[in-house]
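Next come the chains, spelled out residue by residue.
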Amino acid sequence: RRGRAEALGIVVAEPFPYPLSDPYAVRVLNGVAQALEESQLALVLVPGGPDRPGHAQAVRHAAVDGFILHSLLEHDALLQSALRRHLPAVVIDGPAVAGVDFVGIDDRAGAAKAAQHLVDLGHCRIGVLCFRLTGHVRVGLFDFLQVDRTTSSVSRNRLHGCMDALSAAGLPPADVPVMECSMTSVEAGRQGMAALLDAFPELTAVIAFSDVLAV
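Residues numbered from 1 in each chain as written. Predicted model: local features only at pLDDT ≥ 70, side-chain atom pairs only at ≥ 80, totals over all residues. Heavy atoms only, no water.

The pairing of strands in a sheet comes from backbone hydrogen bonds and takes either a parallel or an antiparallel form. An order of β2-β1-β3-β4-β5 is seen for the five strands of this open sheet, with the pairing classed as parallel. At either margin of the open sheet sits one strand with a lone partner, and together these are β2 (42-46) and β5 (101-103). Each strand of the sheet is rotated relative to its neighbour by a mean of 20°, with strand direction disregarded. Those strands touched by helix α4 (residues 77-84) are β1 (7-12) and β3 (67-70), and its axis lies near 160° from that of β3. (Pairing = 2+ DSSP bridges. Helix = DSSP H or I, 4+ residues; strand = E, 2+ residues; numbered from the N terminus. Axes fitted to C-alpha atoms, helices over the stretch in contact; angles between N-to-C directions. Contact = heavy atoms within 4.5 Å.)

This is the structure in structure tokens:
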């Protein structure tokens, strides 16, 4: 009757259990939950996942007054479904959308600092372990020359940052292998790292795009 659901929706890119197990995602949820408790609002959690466009229906029908859109990809069906509802929204670590507030970091500069750290330690055979670059599940080597075709703005900016620093140190992008992992998890990182070392056993250092992949 009042036209309010008294609830906020948080939409995440990965399926369960990622939102409740990944340390970073858990801290984000804790922060949201704290604010909702103070405002006496409920939380509706909508997980996504690669090759699961059907989850967009849950976004379309969620009884919420607004959305937090967490780590979604560009052109993601979840993102588009949320924006079409014309509710207040905030994007966290995702694509910049005109007219929508954004919370994030300078991924490009941060990745450049990580790469520069390895260069300063004397490494010249460096690989990259990154999370998904598109909305599809894939594990394998990625051609950096295709980086601007990726739909993950976070991954794209971090790859550009890595290559900024490594190129300045005399390491051309073609000589820096990039391994795309299926998702952000310890097991995905283990599989991606094994494949990376199988193909490039001479590597002495790796830039991991998340703490969980690094573990």
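Under the criterion given, the structure shown has eight salt bridges. Its salt-bridge partner being D107, residue R158 comes within 2.8 Å of it at the nearest N-O pair. On the criterion of sequence distance, the pair formed by R158 in helix α6 (residues 153-168) and D107 in helix α5 (residues 107-120) is long-range, its members being 51 residues apart. Salt-bridge contacts for R138 lead to E180; the nearest nitrogen and oxygen are separated by 2.9 Å. (Salt bridge = Lys/Arg side-chain N within 4 Å of Asp/Glu carboxyl O.)

Attention shifts here to the side chain of S152. Mapping S152 onto the fold places it in the loop between β7 (140-142) and α6. According to the relative accessible area criterion, S152 is buried, its value standing at 7%. A polar contact is formed between the side chain of S152 and the side chain of S155, at a distance of 3.2 Å. Among all residues touching S152, those that are not within four sequence positions of it are L73, R132 and L133. (Buried < 20%, exposed > 50% of the residue type's maximum accessible area, 1.4 Å probe, protein only. Polar contact = N/O pair within 3.5 Å; in protein donor to acceptor, adjacent residues only side chain to side chain.)

This next bit is on the side chain of D107. A residue is classified by how much of its surface remains accessible, and D107, at 8% relative accessible area, is buried. Polar contacts involving the side chain of D107 include one to the side chain of R158, which spans 2.8 Å.

This part takes up the environment of G49. Looking at where G49 falls in the secondary structure, it is placed in the loop between β2 and α3 (56-61). Look at G49 and you get buried, because its relative accessible area is 15%. Along the chain, G49 and T184 lie 135 residues apart, while their C-alpha atoms are 11 Å from each other. With near-sequence residues (within four places) excluded, G49 lies in contact with A13, E14 and P15.

This brings us to the pairing of β3. On β3, burial covers both faces: F67 and L69 on one face and I68 and H70 on the other are all buried. With four bridges joining them, β1 and β3 adopt parallel strand pairing. Note that in β3 the partner of V12 across the bridge is H70. Both β3 and strand β4 (residues 89-92) contribute to a ladder of four bridges, which runs parallel. Looking at β4, one finds that I68 is bridged to V90. For the segment spanning β3, α4 and β4, crossover handedness is right-handed. (Right-handed = clockwise from strand over helix to strand, strands pointing away.)

All right, on to the packing of aromatic side chains then. For the coordinates displayed, the defined rule picks out one aromatic pair. A centroid spacing of 5.9 Å and a plane angle of 65° characterise the contact between F131 and F209, whose relative ring orientation is edge-to-face. Pair noted here: F131 is in the loop between β6 (126-130) and β7 and F209 is in the loop between β9 (205-208) and α8 (211-214), with a separation of 78 residues, a long-range link. Taking the relative accessible area as the measure of exposure, F131 reaches 14% and is therefore buried. Residue F209 is classed as buried on the basis of its relative accessible area of 5%. (Phe/Tyr/Trp six-rings, centres within 6.5 Å; stacked < 30°, edge-to-face > 60°.)

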